[in-house]
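# Topology and contacts: notes
Residue-level listing of the chains:
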Amino acid sequence: MKAPLCFKAGPAARKIIEKEGLTPDTIEAMAGAAGGPKWLVLAAMDKWLFGEWLAPRSRPMPLVGASIGSWRFAAVSQADPVAAIEKLERLYIEQSYSAKPSYSEVTTTARRVLAELLGEHGAAQILSHPWARLHVVTALCKGWTGRDSMLPMISGFGLASAVNTFNRNTLSLFLERHVFCDLRDGHLPEQAFPGFATQLPALTEENLASSLLASGSIPFVMEAVNIAGKTGRYRDGGMVDYHMDLPLSADGLVLMPHFSKLIVPGWLDKFVPWRKPRYLDNTLVIHPSDEWIASLPNQKIPDRTDFQRYSDDYQARIRDWRKVVERSQELADFLAERLEKQDISNLLQDV
């Protein structure tokens, strides 16, 4: 089999890596994409990166995630990142639903997962982490996009999808980007969130759980969410920033462990195949190779369709998803070897 990981860099990121290598202090920010169960292929990499490789770091680093990307970063920002990711693995894999779950059922399950992930002290640990600075991307709904009734929601997101086809920035008519930020220090550059009306409210112990829930609140699957201390209803941050096509550093390196070779700016851009990422100059994307993915159960990474695929066999889904997590160690081991040998520059492709 070919190398299990691909390394893709923007022009500025390539120069940094070729000059300085890739070290814990080279990285200025990390990005976490939305993608539901797809994150399971990154589980071992997250544990190794935050449990070992990045552990000696002292300089503040923003971790900017949408949906499951924010959940991953909430786990690794706790006092024991490895234990927290393992807990997230277990809670996520063992989700179960009725044959046709309501929005309320899925929302209640997600709220329970987050409550167990954070526990009594998780929020305080995240907001007192010595260097990790969690940033949770959410989408404030405008008009019908904030309704949970089917017809208004279809109308709202149908119109949003139509205008997005012509100009991504017009999504601001329907969704506003709100990034709940750990504002202690290590702020992102002013231009980190282009193209949309954006607000950067403070992330607090009181709103951390509800902002994480909102960041993962998928339209037509979950209820819109009220965030503590804020007016309005919120949904999945991936609607605005799906695969984190953002200039999160002015002149430093942005690292994005990713599950896909594609970078899709916003969720609705899945229907606009000609729209390409614009802000990856400083970004290093690490993702599994096609050959490695083809060796997984069902020859693909897990995704939300698995809930239907395995609807009659809950234990089979758990078995196969756990197998993917087990196999994800191959990616972590390959990355660790590359960083020990500092030979990533020989493997770089254009992003």
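None of the values given here were measured: they were computed from a predicted structure.

## Topic: the overall build of the protein chain
- A count of helices and strands for the protein chain gives 11 helices and 10 strands.
- Taking 351 residues into account, the globule formula puts the C-alpha radius of gyration at 20 Å, and the protein chain, at 19 Å, falls close to it.
- By principal-axis analysis of the C-alpha atoms, the protein chain measures approximately 55 × 45 × 45 Å.
- Of all 351 residues assigned to the protein chain, the portion counted as buried reaches 58%.
- Of the contacts made within the protein chain by residues no fewer than 6 positions apart, 77% connect residues no fewer than 24 positions apart.
- Entry remark: accessible area of the protein chain is about 14,500 Å², with carbon and sulfur atoms responsible for 53%.

## Digging into unusual backbone geometry
- Within the chain, S67 stands out as a residue other than glycine whose phi angle is a positive 55°.
- We note that F220 has phi near 70°; this positive angle belongs to a residue other than glycine.
- Along the polypeptide, F220 turns up in the loop between helix 8 (208-215) and strand 7 (234-236).
- Judged by relative accessible area, F220 falls into the partly exposed class, the value being 34%.

## A short note on helix 1 (residues 11-20)
- Within helix 1 the residues assigned to the buried category are A12, A13, I16 and I17. For helix 1, the angular spread of the buried residues around the axis is 130°, confining them to a single face. Counted as exposed and oriented over 90 degrees from the buried face of helix 1: P11, K15 and K19.
- For helix 1, the elements touching its buried residues are strand 1 (5-9), strand 8 (253-257), strand 9 (283-288) and strand 10 (348-350).
- Following helix 1 by one or two positions, G21 has its phi on the positive side, about 75°.

## Things to note about the packing of aromatic side chains
- According to the stated counting rule, one finds 11 aromatic pairs in the structure shown.
- An angle of 25° between the planes, with centres 6.3 Å apart, marks the rings of Y92 and W321 as stacked. Placement of the pair is Y92 in helix 4 (residues 81-93) and W321 in helix 11 (residues 314-341), with a sequence separation of 229 residues. For the pair shown, Y92 and W321 are each scored as buried.

## Points about the pairing of strand 1
- Within strand 1, five of the five residues are buried, which leaves the element mostly enclosed by the surrounding structure.
- Because side chains alternate across strand 1, one face comprises the buried residues L5, F7 and A9, and the other comprises C6 and K8, equally buried.
- Looking at chain direction, strand 1 and strand 9 are connected through five bridges and run antiparallel. Its bridge partner being in strand 9, K8 is matched across the sheet by V285.

## Things to note about helix 5 (residues 103-118)
- The terminal C-alpha atoms of helix 5, which comprises 16 residues, lie 23 Å apart, in line with the 22 Å expected from a rise of 1.5 Å per residue.
- Within the sequence span of helix 5, burial applies to Y103, V106, T107, T109, A110, V113, L114, L117 and L118. Projected down its long axis, helix 5 carries its buried residues within an arc of 160°, all on one side.
- Buried residues along helix 5 sit against helix 3 (68-76), helix 4, helix 6 (122-126), helix 7 (150-166) and helix 8.
- Just past helix 5, the residue G119 takes up positive phi, approximately 60°.

## Details of the packing of helix 5 against helix 8
- Direction vectors running N to C along helix 5 and helix 8 enclose 135°, while the axes themselves pass 10 Å from each other. The angle between the axes of helix 5 and helix 8 places the two elements in the oblique class. Crossing geometry of helix 5 relative to helix 8 is assigned as right-handed. The residues of helix 8 that touch helix 5, namely those facing T107, A110, R111, L114 and L118, are L208, A209, L212 and L213.
- The residue makeup of the contact of helix 5 with helix 8, split by class, is seven nonpolar, one polar and one charged.

## Remarks on the pattern of salt bridges
- Considering all chains together, one arrives at 26 salt bridges under this definition.
- D46 is paired through a salt bridge with R72; the nearest N and O atoms lie 2.7 Å apart. With D46 in helix 2 (residues 43-53) and R72 in helix 3, this residue pair connects regions lying 26 residues apart in the sequence.
- Exposure remark for D46: the relative accessible area of 1% places this residue in the buried category.
- With a shortest N-O distance of 3.7 Å, E326 and K323 are connected by a salt bridge. Of this pair, E326 and K323 both sit in helix 11, separated by three residues, roughly a single helical turn.
- We classify E326 as exposed; its relative accessible area is 53%.
- In this structure, a network of salt bridges that share partners links the residues R168, R177, D241, D269 and R275.

## A closer look at the environment of L253
- Looking at where L253 falls in the secondary structure, it is placed in strand 8.
- Separated by 46 residues in sequence, L253 and Q299 have C-alpha atoms that sit 32 Å apart.
- The residues touching L253, leaving out its near neighbours within four places in the chain, are A13, I16, I17, L22, T26, I27, E28, A29, N282 and L284.

Reading guide: rules and limits
- Residues numbered from 1 in each chain as written.
- Predicted model: local features only at pLDDT ≥ 70, side-chain atom pairs only at ≥ 80, totals over all residues.
- Heavy atoms only, no water.
- Helix = DSSP H or I, 4+ residues; strand = E, 2+ residues; numbered from the N terminus.
- Rg over C-alpha atoms; globule rule 2.2 N^0.38 Å.
- Buried < 20%, exposed > 50% of the residue type's maximum accessible area, 1.4 Å probe, protein only.
- Contact = heavy atoms within 4.5 Å.
- Areas by Shrake-Rupley, 256 points an atom, 1.4 Å probe, with all protein chains shown as cover.
- Arc of directions from axis to C-beta.
- Phe/Tyr/Trp six-rings, centres within 6.5 Å; stacked < 30°, edge-to-face > 60°.
- Pairing = 2+ DSSP bridges.
- Expected span 1.5 Å × (residues − 1).
- Axes fitted to C-alpha atoms, helices over the stretch in contact; angles between N-to-C directions.
- Parallel < 35°, antiparallel > 145°, perpendicular 65-115°, else oblique.
- Left-handed = near helix turned anticlockwise from the far one by under 90°.
- Nonpolar A, V, L, I, M, F, W, Y, C, P; charged D, E, K, R; others polar.
- Salt bridge = Lys/Arg side-chain N within 4 Å of Asp/Glu carboxyl O.

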